Amino acid sequence: MPSPPSKKMKVDTSFAASLKDTHSATSLAGSAVGDNATETSVDGELEDVTLSFPRRAFVEDVSLDILLEVFTHLHPQDLLNLSRTSKTFRGFLMNRRSALAWKEARVRTSNGAPACPPHLSEPRYAILLFTQWCTVCGGSADAQLPFWAFYGRYCSSCVPKRVVKWSTIQQFLSDVSEAAGTGLEGMFLRSVSRRDECRTLTTVRWFYFPAVVHFKYLWRRASLEQRRQLIKANICSVNKWAEDTKAITAWGAKEDERLMRYRQSKVEARRHSILARLKEEGWSKELAEGCPRCYHDMPGFNKVEPLTESDFTDMREHLIAPLEVKRDARLRKEKIQLYGARISRFHRTMQTHPTYLGVQDPASDTRATFSDLVLRPACRQLLDAPASQNVTEGDFLALVDALQEDWLDARKREFEALVPKDRVEVAECPLLSLAIISFRCSCCRRNDLRWPNVLAHPCARDPSQPFLHLRRYTDSLEEALNSACGQLRLEHPWREDWSPFRVVFPSKKAYDLARACGYDPGQVTYEVMQRKRFYCKICATPKYGYMEVYDWENTYLHEQPRCALYNSRLQLSLEDKVDKWAILDDEHTKLVLATEAALEAAGDIPDGIYGCTRCRYHADGLHKFHKHCRSVHGVDKPRKSLNREDFYLHPDNCAGAHHTITIYPEDARGDRTADKDVLKGHAFFSTSLFSQ
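### Here's the deal with the overall build of the protein chain
Next, step 1: The helix and strand inventory of the protein chain stands at 25 helices and 13 strands.
Next, step 2: For the protein chain, with 692 residues in total, the buried portion stands at 42%.
Next, step 3: By sequence separation, contacts in the protein chain at least 24 residues apart represent 63% of the contacts at least 6 residues apart.
Next, step 4: Surface accessibility of the protein chain: about 39200 Å² in total, with carbon and sulfur atoms responsible for 52%.

Next up, the structure:
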């Protein structure tokens, strides 16, 4: 069945007469409004207007004057949306005869917006005032900040076509001002200043690009006099334009501020809803210091729309991730605070323990320090007790002796593991006490470290070793202990995750000396070999008049040209040079050992390291101890005896850190060199050694 003919609706002539003098309306091409839109043709007189609606439509029975009255009560944005519903409404609303309806709707809802300018139609003016659509291409993606003075709102793709920054045409403006002899740079072109979107405290000057292009075209083709007239004409035009756009600019600034406050209130409401949901799930402590900064980079966090259940479900995983990090950091901080309180309690306990009371001695430097005991498993288990459990000083005091033994056993196993099994035979004595085993430090390059004196070497506790101070603590107890060491001025713990030590075996000469003493090099201990003294058979003759005595480690210091292994100037066989060392007899060995002990007691040690008996201070050189005792302990003249109350020889001294003892024959008395060495305590006379 064919559809019935459309009905004709009569327009009231009094109302139509008022529509004839309204401004022309620009039709919208498709769903967008562009600068190239064409106007709808209008007859000289108003005739009947035919509106075709689908069958059984509600508006079929509504007269045109009623529709126009209804349209005047709608919001302009509603009229724009209505024009997109059908071709019929579009053809009617985009006709200039409907301009009064657009005007009435704008006056009712725009809160004092200026009148529509002559060069714009009411629909295009409504698009500028009440929508986020681009006035060039009709897009609505990102055209949110309008240029009110240019009567335009541009998206990111249309901005380069309509506006240009001052910095882009700075050179051209300078050239024009210089040629015209005026200092008003750029004042002859339409421009506005706007806040930079990236830097809120910076304003950027924008020029209307079509006007710039047109001015360049005229400028390049004008003579000097014409250019001056062109500038004057443009200045007048710009001043008139600024006066005409003053109202729309002022209204637009208020509207932008109102919209910004409205948008901010909606965004804040959405943020509050999100944070409220998170607090309901138990994240109140993490949110007490404020929401994480990364939330503001989430697109869903700053939306204007109210929060829905689906929105929160989609965002929840990303919202929870930074809160979990904050929770872990908070729990770690609380754990470190608990560790710090218990470590301080343990330190007060250690100050009353007999091991750490009384006079300091060399043995106290090889024992575990307080920080070493804190990291032992038994102490860690006590420190890891729940916060509700009361850990007393008595609990720590009962563990001190066991912790000391546990730490010493761990260090012994550590150094025994450094010794290769294929280089050492099975010995009856402890492995680390063998004379052929010493250790080298990769930090300070020392290679004469012995057990147990190596436990007093500071490189294993120094946190400033290369790359070690840059590491991030993964253990809360280690971080709390490091903080306590800085606050209480304690020694850092022994580094169990890194060792600078490597095992070092002596040269073949040391093996030969051990065999010459009648010992097996793989079985003899270091203490036994240290009680032996040696001299060079080639040098120790009446011809040279003295004898230098060495321990078995320092024999390499004696390498005179006359007894050097590869010196061919003397007519000595290679066998004589290799077998040049002889063992000093027991009588003179006792005298040499007594002389060395007297030098140590007098503090006459080359490059000696001394420890304070009143505290754990130690340093090289007696002059530092003079200053330490005067400033810390109030001792005016600190005693230098290693066996008394002020100082002792630190275990970290080099092996054989003493002067070489020289033995002179009895007939050398009166010799200035011999008498001087004997007076210093570095030598003595022998009546029997050189007579043999």
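### Here we look at the pairing of strand E5 (residues 501-504)
Next, step 1: Side-chain alternation along E5 places Phe501 and Val503 on a buried face and Arg502 and Val504 on a face that remains uncovered.
Next, step 2: Of the pairings in the sheet, the one linking strand E4 (residues 438-441) to E5 comprises four bridges and is antiparallel in character. Bridged to Arg440 within E5 is Arg502.

### Brief notes about the sheet that holds strand E10 (residues 618-620)
Next, step 1: Ordered by their spatial adjacency, three strands build an open sheet running E10-E9-E11, and the pairing between neighbours is antiparallel. The sheet is open, and its two borders are formed by E10 and strand E11 (647-649), each paired with just one other strand. Put simply, the sheet's adjacent strands are angled 35° from each other on average, direction ignored.
Next, step 2: Relative to E11, strand E9 (residues 609-612) runs antiparallel, the two being bridged by three bridges. Residue pairing for E11: Gly611 is matched across the bridge by Tyr648.

### Let's talk about the pattern of salt bridges
Next, step 1: Inspection of every chain in the model, using the stated rule, returns 22 salt bridges.
Next, step 2: Its salt-bridge partner being Asp244, residue Lys240 comes within 3.0 Å of it at the nearest N-O pair. Here Lys240 and its partner Asp244 are both found in helix H10 (residues 224-244), four residues apart, which amounts to about one turn of the helix.
Next, step 3: Given the relative accessible area of 44%, Asp244 is considered partly exposed.
Next, step 4: The salt bridge involving Arg270 is made with Asp311; its shortest N-O contact spans 3.6 Å. A residue pair is termed long-range when its members are at least 10 positions apart, and Arg270 in helix H11 (residues 246-280) and Asp311 in helix H13 (residues 309-350) qualify at 41 residues.

### Let's talk about the packing of helix H2 (residues 64-72) against helix H5 (residues 99-109)
Next, step 1: It is the contact of H2 with H5, at a shortest axis distance of 7 Å, that shows an interaxial angle of 30°. Viewed along their axes, H2 and H5 adopt a mutual orientation that is roughly parallel. In contact with Leu68, Phe71 and Thr72 of H2, H5 contributes Ala101, Glu104, Ala105 and Arg108.
Next, step 2: Within the contact of H2 with H5, the residues separate by chemical class into four nonpolar, one polar and two charged.

### Re H5
Next, step 1: Of all the residues in H5, the buried ones are Ala99, Ala101, Trp102, Ala105 and Arg106. Angular distribution of buried residues about the axis of H5 spans 160°; they occupy a single face of the element.
Next, step 2: Buried-residue contacts for H5 involve H2, helix H3 (76-83), helix H4 (87-93) and helix H6 (122-130).
Next, step 3: Downstream of H5 by a residue or two, Asn111 has a phi angle that is positive, lying close to 55°.

### A few points about the environment of Asp675
Next, step 1: By secondary structure assignment, the location of Asp675 is in helix H25 (residues 672-680).
Next, step 2: Overall, the relative accessible area of 32% leaves Asp675 in the partly exposed class.
Next, step 3: In this structure, the C-alpha to C-alpha distance between Asp675 and Phe685, residues ten residues apart in sequence, is 9.5 Å.
Next, step 4: The residues contacting Asp675, other than those within four sequence positions of it, are Arg669, Gly670 and Phe685.
Next, step 5: At a separation of 3.3 Å, a polar atom in the side chain of Asp675 contacts the main-chain amide nitrogen of Gly670.

### A word on the packing of aromatic side chains
Next, step 1: Summed over all chains, the structure comprises 20 aromatic pairs.
Next, step 2: Between Phe215 and Trp219, the ring centres sit 5.7 Å apart and the planes meet at 25°, which makes this aromatic pair stacked. Remark: Trp219 and Phe215 occur in helix H9 (residues 209-220); sequence separation between them is four residues, near one turn of the helix. Across this residue pair, the class does not change: Phe215 and Trp219 are buried.
Next, step 3: Considering the side-chain rings of Phe346 and Phe370, the 5.1 Å spacing of their centres and the 55° angle between planes classify their relative orientation as tilted. A residue pair is termed long-range when its members are at least 10 positions apart, and Phe346 in helix H13 and Phe370 in helix H15 (residues 370-374) qualify at 24 residues. Of the two residues examined, Phe346 and Phe370, each falls in the buried class.
Next, step 4: What links up through ring pairs into an aromatic cluster is the set Phe147, Phe150, Tyr154, Trp206, Tyr208 and Trp241.
Next, step 5: Sitting over the face of the ring of Trp133, Arg84 holds its NZ or CZ atom 3.9 Å from the ring centroid.
Next, step 6: A cation sits over an aromatic face here: Arg277 above Phe312, 4.2 Å from the ring centre.

### Details of the nonpolar core
Next, step 1: If you look at the biggest cluster of nonpolar residues, it comprises 46 residues, and the most contacted ones within it are Ile343, Phe346, Val374, Leu383, Phe415, Ile437 and Phe501.
Next, step 2: Within the residue set of this core, elements represented by two or more residues are H13, H15, helix H16 (377-383), helix H18 (400-416), E4, helix H19 (476-488) and E5.
Next, step 3: The contact partners of Leu383, leaving out residues within four places of it in the chain, are Tyr339, Arg342, Ile343, Val374, Phe396 and Leu477.
Next, step 4: Of all hydrophobic cores here, the second largest spans 28 residues; its members include Leu79, Ala126, Ile127 and Trp251.

What counts and what doesn't
- All chains use their own residue numbering, which begins from 1 and follows the written sequence.
- At least 70 in pLDDT is required for a residue's local features to be given in this predicted model, at least 80 for side-chain atom pairs to be given and counted, and no such filter applies to totals for whole chains, interfaces and linings, which use all residues.
- To obtain the side-chain values, all non-hydrogen atoms of the structure were included, while hydrogens and water were left out.
- Helical segments are the DSSP runs of H or I of at least four residues, strand segments are the runs of E of at least two, and each set is numbered from the N terminus.
- Residue burial is assigned from relative accessible area. The probe radius is 1.4 Å, only protein chains are included, and a residue is buried under 20% of its type maximum, exposed over 50%, and partly exposed in between.
- A contact between two residues is defined here by any heavy atoms of the two lying within 4.5 Å.
- All accessibility values rest on the Shrake-Rupley procedure with a 1.4 Å probe; residue burial counts only the protein chains present in the view.
- By definition, two strands form a pair when at least two bridges between them are found by DSSP.
- Whenever a helix is involved, its axis is fitted only over the stretch in contact; in every case the axis is a line through C-alpha atoms, and angles between N-to-C directions fall within 0 to 180 degrees.
- Each salt bridge in this description consists of a side-chain nitrogen of Lys or Arg and a carboxyl oxygen of Asp or Glu lying within 4 Å of one another.
- Put simply, angles under 35 degrees are roughly parallel, angles over 145 are roughly antiparallel, angles from 65 to 115 are roughly perpendicular, and the rest are oblique.
- Put simply, Ala, Val, Leu, Ile, Met, Phe, Trp, Tyr, Cys and Pro go in the nonpolar bin, Asp, Glu, Lys and Arg in the charged bin, and everything else, Gly too, in the polar bin.
- Our arc is simply the arc of the directions from the helix axis toward the C-beta atoms.
- Pairing of N or O atoms within 3.5 Å defines a polar contact, subject to two protein rules: one partner must be a possible hydrogen donor and the other a possible acceptor, and residues neighboring in sequence count only if both atoms are side-chain atoms.
- Only Phe, Tyr and Trp rings are paired, with Trp represented by its six-membered ring, and only when their centres lie within 6.5 Å; those with planes under 30 degrees apart are stacked, over 60 edge-to-face, the remainder tilted.
- Comment: the charge-over-ring label is applied if NZ (Lys) or CZ (Arg) is within 6 Å of the ring centre and within 35 degrees of the ring normal.
- Buried Ala, Val, Leu, Ile, Met, Phe, Trp, Tyr and Cys residues that are joined via side-chain atoms within 4.5 Å together make up what is termed a nonpolar core.

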